[in-house]
Amino acid sequence: MANQTDKTRKTLKITFSGICTLWPGPPTYGEKPAIDNAFVIMPANMKNDRGEFQTNDWDAPIPDHFPFVHVAASALVKAPPPDAAFVTGTGGEHFVYFFQDARVEIDRQPDGARVEYYFDPEGRPLAERPGSDDVADPDDIRWLADVRDIFTNPPPLKPSADPRQPSVGNEAAAVVNLVAGTIKAHFPADSVNPKIFKDVNGKVVPGLQRVLADEFIIEIPYPESTEQVTLLFKPLREGTNPSGPHKLVLQWPKKEKILEIRMGNDPKDETSRLDTDGRFDPIRRIGPVLKPRDDDFDLHYNLLDIQKGKRLLPQNDIQQCSTEGCKPKTGAPPLGGH
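Please read all numbers here as calculations on a predicted model, not as lab measurements. (Residues numbered from 1 in each chain as written. Predicted model: local features only at pLDDT ≥ 70, side-chain atom pairs only at ≥ 80, totals over all residues. Heavy atoms only, no water.)

Asker: Could you clarify how one ought to interpret the confidence of the model for the chain in this entry?
Answerer: The predicted coordinates ought not to be read in detail in places where the model reports low pLDDT. The predicted model of the chain averages 85 in pLDDT, with 83% of residues at 70 or higher. Contacts from residues 280-284, a stretch scored under 50 in pLDDT, to residues over four places away or in other chains number 18 contacts. Below a pLDDT of 50 lies the segment residues 321-331, which in the model reaches 35 contacts outside its immediate sequence neighbourhood of four places, other chains included. (pLDDT = per-residue confidence, 0-100. Contact = heavy atoms within 4.5 Å.)

Structure follows, in structure tokens:
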């Protein structure tokens, strides 16, 4: 893996938000072997035969989620018409593209690079939150919620949801193939209080009371000569054609080493809040009333062999996320987005 401080390199940085499951989980903590590839699985809302939205163990309906790409218009070459366009505070106009039933591949990959999960280089452990000299830095992938931390006997991935197979089941709305780059946790804002996970009967998971990273990123290194990369949207399963763009051609901004885009799986209205302070609050409140838990997190479980009645959800607190700081100060599968 190329050193990201190497000034002769460029970097494609993709931030994943919303309900995105990273698979496979990182290697045993403390070990850092490279793996061939990884996948981001975007779970689908499993509607019933009447077209009604999925409900969780609390009988709360889960809104429909849509895989998306969120990218600056200036970073696109011959951009197809977007599904939505927004002007951000400092980034100019951004386009949003929604897609379904697609496997996303990056057509140009750096030679010799592989996927790596980022661990604290000093081997420091997790604690309630990052920020101390004896605690892992906030980029450590272990800050992401991990099914192996939530369950004593983690439920396995459903065979039909295995992203390695050529035709993936309806549990997945989309899959993104990752074959190179460094995968890190990402805190878009300060998380003041740790999360707890609770089942419908009020039982709390012991020992898992820490802040959780809301997002994760991958940083893919490219040679200095690279000018463009293309996202290809291919069929995810037999008999179904993907909706959305066929491809998106991305280009590095002039004189810039980093090309940044977002991908995720969210209700459509939430994509309008990306890169704004408003994105830190909407899933935590219902009008003026604090939302008691992260209901949307239940979609992660659609990919796992687990019954309803046993799906634990992270609980909300008024101090779970704060826009006063950008990130904490530094001194089975992971489950992203909550």
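Asker: I would appreciate a short explanation of the side chain of Gln54 in the present structure.
Answerer: Along the chain, Gln54 turns up in the loop between strand 3 (38-43) and strand 4 (66-72). Overall, the relative accessible area of 7% leaves Gln54 in the buried class. Here the side chain of Gln54 touches Met46 through a polar contact of 3.0 Å, landing on its backbone nitrogen. Ignoring any residue separated from it by four or fewer positions in sequence, one finds Gln54 in contact with Ala44, Asn45, Met46, Ala60, Pro61, Ile62, Asp298, Leu299, Asn302 and Arg311. (Helix = DSSP H or I, 4+ residues; strand = E, 2+ residues; numbered from the N terminus. Buried < 20%, exposed > 50% of the residue type's maximum accessible area, 1.4 Å probe, protein only. Polar contact = N/O pair within 3.5 Å; in protein donor to acceptor, adjacent residues only side chain to side chain.)

Asker: Which parts of the structure should I look at to understand the layout of surface pockets?
Answerer: Rolled over the atoms, a probe with the dimensions of a water molecule shows which regions are left empty. A volume near 370 Å³ is recorded for the second largest pocket. Ile150, Phe151, Thr152, Lys310 and Leu312 are the residues nearest the centre of the second largest pocket, which is lined by 17 residues in total. Looking at the lining of the second largest pocket residue by residue, the class counts come to 8 nonpolar, 4 polar and 5 charged. (1 Å grid on protein atoms, 1.4 Å probe; cavity = no way out; pocket = protein on both sides within 12 Å on 5 of 7 lines; lining within 4 Å. Points joined across faces, edges and corners; volume = space filled by probe spheres on them. Nonpolar A, V, L, I, M, F, W, Y, C, P; charged D, E, K, R; others polar.)

Asker: Whenever I open this one, the sheet that holds strand 6 (residues 84-88) confuses me. Can you help?
Answerer: The strands that make up a sheet are held in pairs by hydrogen bonds between backbone atoms, and each pair lies either parallel or antiparallel. The 8 strands are arranged 6-7-4-17-1-14-12-9 in an open sheet whose pairing can be described as mixed. Whereas interior strands pair on both sides, the edge strands pair on one side only; in this sheet they are strand 6 and strand 9 (115-117). On average, each strand axis in the sheet is inclined to that of its neighbour by 25°, with strand direction left out of account. Here strand 4 runs beside strand 17 (residues 258-266); their pairing, made up of 5 bridges, is antiparallel. Opposite Phe66, over in strand 17, you have Asp266 as the bridge partner. (Pairing = 2+ DSSP bridges. Axes fitted to C-alpha atoms, helices over the stretch in contact; angles between N-to-C directions.)

Asker: Can you walk me through the pattern of salt bridges in this structure?
Answerer: Two side chains bearing opposite charge may form a pair once their charged atoms approach each other closely. Per the stated rule, a full pass over the model turns up 17 salt bridges. Salt-bridge contacts for Arg50 lead to Glu52; the nearest nitrogen and oxygen are separated by 3.0 Å. Among the ionic pairs, Arg237 bridges to Asp101, the shortest N-O distance being 2.5 Å. Of the two residues, Arg237 sits in the loop between strand 15 (228-235) and strand 16 (247-251) while Asp101 sits in the loop between strand 7 (92-98) and strand 8 (102-106), which places them 136 residues apart along the sequence. Taken as a pair, Arg237 and Asp101 share a single burial class, namely buried. (Salt bridge = Lys/Arg side-chain N within 4 Å of Asp/Glu carboxyl O.)

Asker: Please explain the nonpolar core as it appears in this structure.
Answerer: Note that soluble globular proteins tend to have their nonpolar side chains buried in a common cluster. The biggest cluster of nonpolar side chains holds 52 residues, and the ones touching the most others in it are Leu12, Phe16, Ile183 and Met263. For this core, the leading source of residues is strand 14 (residues 215-223), giving 4 residues. Ignoring anything within four residues of it in the chain, the contact list for Met263 reads Ile14, Thr15, Phe16, Ser17, Met42, Phe68, Val69, Phe99, Val104 and Val176. Ala161, Val205, Leu212 and Phe297 belong to the second-largest nonpolar core, a separate cluster that totals 25 residues. (Core = buried A, V, L, I, M, F, W, Y, C linked by side-chain atoms within 4.5 Å.)

Asker: Help me understand unusual backbone geometry in this model?
Answerer: Of all residues except glycine, most have a negative phi; of all peptide bonds, most are trans. Residue Pro24 is bonded to the preceding Trp23 through a cis peptide linkage, with omega at 0°. A positive phi angle, near 55°, is found at Asp101, a position not held by glycine. Backbone geometry places Lys255, a non-glycine residue, at a positive phi of 65°. Within the fold, Lys255 resides in the loop between strand 16 and strand 17. Assessed through its relative accessible area of 86%, Lys255 is described here as exposed.

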